[in-house]
Amino acid sequence: MSSVSKETIATVADMAGRYEAGFVTDIETEKAPKGLSEDIVRFISGKKGEPDWMLGWRLKAYRKWLEMPEPEWAKVDFPPLDYQDAYYYAAPKSAGDGPKSLDDVDPKLLETYEKLGIPLREQEILAGVQNRTPVAVDVVFDSVSVATTFKEKLKEAGVIFCSISEAIKNHPDLVQKYMGSVVPPGDNKHACLNSAVFTDGSFVYIPPGVRCPMELSTYFRINELNTGQFERTLIIADKGSYVSYLEGCTAPMRDENQLHAAVVELIVHDDAEIKYSTVQNWYPGDFETGQGGVYNFVTKRALCEGRNAKVSWTQVETGSAITWKYPSCILKGDNSQGEFYSVAITNGRQQADTGTKMIHIGKNTKSRIISKGISAGRSNNTYRGLVKILPKAEGARNFTQCDSLLIGDHCGAHTVPYIESRNKSARLEHEATTSKISEDQLFYCTQRGIDEEEALALIVNGFAREVMQHLPMEFAVEAQKLVGISLEGSVG
Amino acid sequence: MLHIEDLHASIETDDGAREILKGISLDVPAGQVHAIMGPNGSGKSTLSYVLAGREDYEVTGGTVELDGIDLLDLEPEERAAAGLFLAFQYPVEIPGVNMSTFLKTAINSIRKQRGADELDALAMLKRIKAACARLGIADDMMKRSVNVGFSGGEKKRNEVLQMAMLEPKFCVLDETDSGLDIDALKVVADGVNAMRSPDRSFLVITHYQRLLDYIRPDVVHVLAKGKIVKTGGPELAKELEATGYAEFLDEVA
Ligand SMILES: Nc1ncnc2c1ncn2[C@@H]1O[C@H](COP(=O)(O)OP(=O)(O)O)[C@@H](O)[C@H]1O
Ligand SMILES: [Mg+2]
């Protein structure tokens, strides 16, 4: 990030202590009444000025949701969710009818993002930092998108990058064709809730043959108390196109749990590629007691629809009280490829159950899974993965590697790989290791003058390197720092 | 420079605490090179670890001062910043952390503790390149993970490289010669000799006197069963070469 944002990050660190993004923005907010009902669904749809088809879709999902059971198979433990005790819509009053030009955005919001180190002012980005590639950002604050940068420049290339609310209005054909095609509302209870009450998120369409001229990113922030965030992201890469997309997230420190149930759908056509990266840093809850923190229940799935389609998920998960997340790939097109690179760090009382599903349908489909789990404190960290080879997936290949690193004696690491192969020609390889942080390594570093926390961050970043190196350059450095921050308090 | 007095240290084993250093006293004035020789298992590595502050060992008595600073009171990284460097007998592998990142982090950590500005990437690169050139280390070694897949000779040379870069005032070399062929040994010795200066001292731990042909010590000590049993000039090393350690093992026992 630029030097300005570094400074602001440091300021925020002083304000909030351990969790650097833990401050609250004091801004006037418009909220829906508390609780969940058909009326709330109508309220959200109305607020967004949505067409009837969208409201109908939401209501159908809502009715389905009422009947669906909670998923209970993950290795996470929390009291039953009280869906009536949360707000489902909160928007900064100044946001008005949705995103507008940056000049009209409430200065308090701009300030918030500056504190977080998210550059929004296009001119500054372009003028200020030469050695940094500009990144287009869509910014979602609680339930609404407040700004999307570099829209014009992207438009020249034919790329559509806007909030999902705008896309519903301006590109209904695309939204209707693709929304719910990869993650249908009834997929699981959390995804179903999202389908009913999603408030904002990003929409990307890359036309045939276009290589998106810049990194795209969305930055999610939950600010309001007791407010769920239900964003929905839809990315379509048409034939022969390419896009790299990154999402980042933070929330203030709150004693109450905040629910975040997102859905991300990716559609990749012939010869196209999507590289999707996540740096997740939601508030993890209190270090000692585990009170508060975000419940991060996310459904992410990519459909490699066409031949030679390629998807790569890279995630660095350091935050949230509970992470329940399995970015997956449906490899339908012949020769299509799916990749999943994951670093999940849990500390304090955090719980993470994360992994991927690779569903091989087409011929010669390939998948690659590299998972690095790091557990510290009294946390629990589970890798859960499924590799499924369907009968027609002649010549399918999978390589899976799961490495777990334990810091201290009070944390847990678990690896749960499921494999289902229904084609004899498929070749699957699986490797797994579990190790403890080595005293020899720590001592070697401290003898060289590096203090124990920094030594730990260095060793863990080394352990996770195979994954970290898949992040876009612009974010890799920040992600490495985040690794260090999230391990604070785990040694000594 | 370094002043050790009646140092006792033990380690926790399954059968309770076991004393390994049994009252070591040693004085290494500024500018001098002292050698410590002794049979396997006599406590040489233990002494180096205790000086560097490894947690597994409990100091049960005695004092260690470096230029008047009580080392035993400091964390390992603080001892490093105070000027203590240990070239490990068995350098540790750190997968995924490349040498230049590691060196950068170490140098800047020490500079920070000493109140100096951090070096920027360019200045750092220049220093690393210069030090590599002096020690005949190929640049591409800096892109490899710390000690991972290094040959025995590369590992030892890497220890000397780090020693040169961190500018310590007191260097402990724990069997840096073992496993080296004569050419590698010379490179290591040249590296050490280039660093000799009136305000830097060395404690060279070795099993064989061969290294001492290249790094000429001012004083030679014999360590056996956790005690220093004999001290003399360089000629003592030659004597040991001829007679072996048997007499000391008997003397103490
Ligand atoms: N971690 C340990 N646990 C138990 N015994 C140890 C440990 N480290 C060293 N020792 C014992 O202490 C003695 C001295 O070891 P060391 O200092 O490595 O000797 P040297 O370096 O002179 O060969 C040996 O008997 C060794 O077995
Ligand atoms: Mg030894």
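Rules behind the numbers
Residues numbered from 1 in each chain as written. Chains lettered and ligands numbered in written order. Predicted model: local features only at pLDDT ≥ 70, side-chain atom pairs only at ≥ 80, totals over all residues. Heavy atoms only, no water. Helix = DSSP H or I, 4+ residues; strand = E, 2+ residues; numbered from the N terminus. Buried < 20%, exposed > 50% of the residue type's maximum accessible area, 1.4 Å probe, protein only. Contact = heavy atoms within 4.5 Å. Pairing = 2+ DSSP bridges. Axes fitted to C-alpha atoms, helices over the stretch in contact; angles between N-to-C directions. Donors = N, O, S within 2.8 Å, 3.2 Å for Na, K, Ca; no water. Salt bridge = Lys/Arg side-chain N within 4 Å of Asp/Glu carboxyl O. pLDDT = per-residue confidence, 0-100. Buried area = accessible area lost by both parts, 1.4 Å probe. Polar contact = N/O pair within 3.5 Å; in protein donor to acceptor, adjacent residues only side chain to side chain. Nonpolar A, V, L, I, M, F, W, Y, C, P; charged D, E, K, R; others polar. Phe/Tyr/Trp six-rings, centres within 6.5 Å; stacked < 30°, edge-to-face > 60°. Parallel < 35°, antiparallel > 145°, perpendicular 65-115°, else oblique. Left-handed = near helix turned anticlockwise from the far one by under 90°.

Participant: Mind laying out the overall build of chain A, listing which residues take part and the relevant values?
Facilitator: From N to C terminus, chain A includes 13 helices and 23 strands. By the burial criterion, 63% of the 492 residues in chain A qualify as buried. Restricting the contact set of chain A to residue pairs at least 6 apart, pairs at least 24 apart contribute 85%.

Participant: Give a description of the sheet that holds strand β1 (residues 2–13) of chain B that names residues and reports values.
Facilitator: All names here are of chain B. Taking strand neighbours across the sheet as the criterion, the 4 strands line up as β2-β1-β4-β5 in an open arrangement whose pairing is antiparallel. The sheet is open, and its two edges are formed by β2 (16–28) and β5 (69–70), each paired on a single side. In this sheet, strand β4 (residues 57–66) lies alongside β1 in antiparallel orientation, the contact comprising 8 bridges. Directly across from serine 10, in β4, lies its bridge partner glutamate 58. Contacts from helix α1 (residues 44–52) reach β1, β2 and β4, with the element oriented near 105° to β1.

Participant: Let's hear about the pairing of strand β6 (residues 84–87) of chain B: which residues, and what values?
Facilitator: All names here are of chain B. Neither face of β6 is exposed, since Leu84 and Leu86 on one face and Phe85 and Ala87 on the opposite face are all buried. Pairing geometry for β6 and strand β9 (residues 170–174), over 4 bridges, is parallel. Note on β9: the bridge partner recorded for alanine 87 is leucine 173.

Participant: So what about the environment of aspartate 440 of chain A? Which residues, and what values?
Facilitator: You can see aspartate 440 of chain A is positioned in helix α10 (residues 439–447). Sequence spacing of aspartate 440 of chain A and leucine 331 of chain A is 109 residues, and the spatial spacing of their C-alpha atoms is 43 Å. Apart from residues lying up to four places away in sequence, aspartate 440 of chain A is in contact with Arg54 and Val92 of chain B.

Participant: Describe the coordination of the magnesium ion (ligand 2), naming the residues involved and giving the relevant values.
Facilitator: Residues and elements named next belong to chain B. Here the magnesium ion (ligand 2) is held by Ser45 (OG) and Gln89 (OE1), and the distances to it run 2.1 to 2.3 Å. Of the two residues, serine 45 is situated in helix α1 and glutamine 89 in the loop between β6 and β7 (94–98); the sequence distance between them amounts to 44 residues. For glutamine 89, a relative accessible area of 13% translates into the label buried.

Participant: Any details on the pattern of salt bridges? Residues and values, ideally.
Facilitator: All told, the structure shown has 28 salt bridges over all chains when counted by the stated rule. The residue arginine 307 of chain A makes a salt bridge to aspartate 334 of chain A at a minimum N-O spacing of 3.7 Å. With a gap of 27 residues between them, arginine 307 of chain A in the loop between β13 (293–304) and β14 (310–317) and aspartate 334 of chain A in the loop between β16 (328–331) and β17 (337–346) connect regions that are remote in the sequence. When its relative accessible area of 43% is taken as the criterion, arginine 307 of chain A is described as partly exposed. According to the relative accessible area criterion, aspartate 334 of chain A is partly exposed, its value standing at 24%. Salt-bridge contacts for lysine 155 of chain B lead to glutamate 93 of chain B; the nearest nitrogen and oxygen are separated by 3.7 Å. Highlighted residues: lysine 155 of chain B in helix α5 (residues 152–166) and glutamate 93 of chain B in the loop between β6 and β7, separated in sequence by 62 residues. By relative accessible area, which is 19% here, lysine 155 of chain B ends up buried.

Participant: Tell me about unusual backbone geometry, and please be specific about residues and values.
Facilitator: Residues and elements named next belong to chain A. Within the chain, aspartate 271 stands out as a residue other than glycine whose phi angle is a positive 55°. With respect to the helices, strands and loops of the structure, aspartate 271 is situated in the loop between β11 (263–268) and β12 (273–280). You can call aspartate 271 partly exposed: its relative accessible area is 48%. Although it is not a glycine, serine 320 sits at a positive phi angle of roughly 75°. You can see serine 320 is positioned in the loop between β14 and β15 (322–325). On the basis of relative accessibility, which here comes to 0%, the residue serine 320 falls in the buried class.

Participant: Could you give me a rundown of the confidence of the model for chain A, with the residues and numbers involved?
Facilitator: All names here are of chain A. Mean pLDDT over chain A works out to 83, with 80% of the residues at or above the 70 mark. Confidence, expressed as mean pLDDT per element, reaches its minimum in chain A at helix α1 (residues 3–16) with 38 and its maximum at β11 with 97. Here residues 1–17 scores under 50 on pLDDT; set against residues more than four positions off or in separate chains, the count is 25 contacts. A low-confidence stretch, residues 123–132 (pLDDT under 50), is modelled with 13 contacts involving residues beyond four sequence positions or located in other chains.

Participant: An account of the interface of chain B and chain A is needed here, citing residue identities and associated values.
Facilitator: Facing the 32 residues of chain B at the interface are 19 residues of chain A. When chain B packs against chain A, the two sides together hide about 2,100 Å² of surface, and 61% of this comes from carbon and sulfur. On inspection of chain B and its partner chain A, the count reaches 2 salt bridges. The partner of glutamate 159 of chain B in a salt bridge is arginine 448 of chain A, and the shortest N-O contact between them spans 2.6 Å. Connecting chain B to chain A are 13 residue pairs in polar contact (both at pLDDT 80 or more). Only α1, α2 (76–82), β6, β7, α3 (99–113) and α5 of chain B provide two or more residues apiece to the side of chain B that touches chain A. Looking at the side of chain B that touches chain A, its residues break down into 18 nonpolar, 9 polar and 5 charged.

Participant: Go over the packing of aromatic side chains, please, and point to the residues and values.
Facilitator: If you walk through the whole model with that rule in mind, you get 17 aromatic pairs over all chains. A centroid spacing of 5.4 Å and a plane angle of 40° characterise the contact between phenylalanine 78 of chain A and phenylalanine 297 of chain A, whose relative ring orientation is tilted. Of this pair, phenylalanine 78 of chain A sits in the loop between α3 (52–67) and β2 (90–92) while phenylalanine 297 of chain A sits in strand β13, placing them 219 residues apart in sequence. Residue classification places phenylalanine 78 of chain A among the partly exposed residues on the basis of a relative accessible area of 25%. Seen from their ring centres, phenylalanine 443 of chain A and tyrosine 49 of chain B are 5.8 Å apart, and the 80° between their planes marks the pair as edge-to-face. Pair noted here: phenylalanine 443 of chain A is in helix α10 and tyrosine 49 of chain B is in helix α1, and the two residues belong to different chains. Grouped by ring-pair contacts, the aromatic residues Phe443 and Tyr444 of chain A together with Tyr49, Tyr57, Phe88 and Phe102 of chain B constitute a single cluster.

Participant: Go over the packing of α3 of chain B against helix α4 (residues 121–134) of chain B with me, naming the residues and quoting the values.
Facilitator: Packed helix pairs are characterised by how far apart their axes lie and by the angle those axes make with each other. All names here are of chain B. Running from N to C, α3 and α4 cross one another at 110°; their axes reach a closest spacing of 11 Å. Put simply, α3 runs roughly perpendicular to α4. Where α3 crosses over α4, the two elements pack in a sense that is right-handed. Judged by residue contacts, Ser100, Leu103, Lys104, Ile107, Asn108 and Arg111 of α3 engage Met124, Arg127 and Ile128 from α4. Per-class residue counts for the contact of α3 with α4 are 4 nonpolar, 2 polar and 3 charged.

Participant: Tell me about the sheet that holds strand β11 (residues 219–224) of chain B, and name the residues and values.
Facilitator: Residue and element names in this part refer to chain B. The strand order β6-β9-β10-β3-β11-β12 describes an open sheet built from 6 strands, whose pairing is mixed. Edge strands, defined here as strands with exactly one partner in the open sheet, are β6 and β12 (227–232). The average angle at which neighbouring strand axes cross in this sheet is 20°, direction not considered. Together, β3 (33–37), β11 and β12 form the strand contacts of helix α7 (residues 234–243), whose direction differs from that of β12 by roughly 115°.

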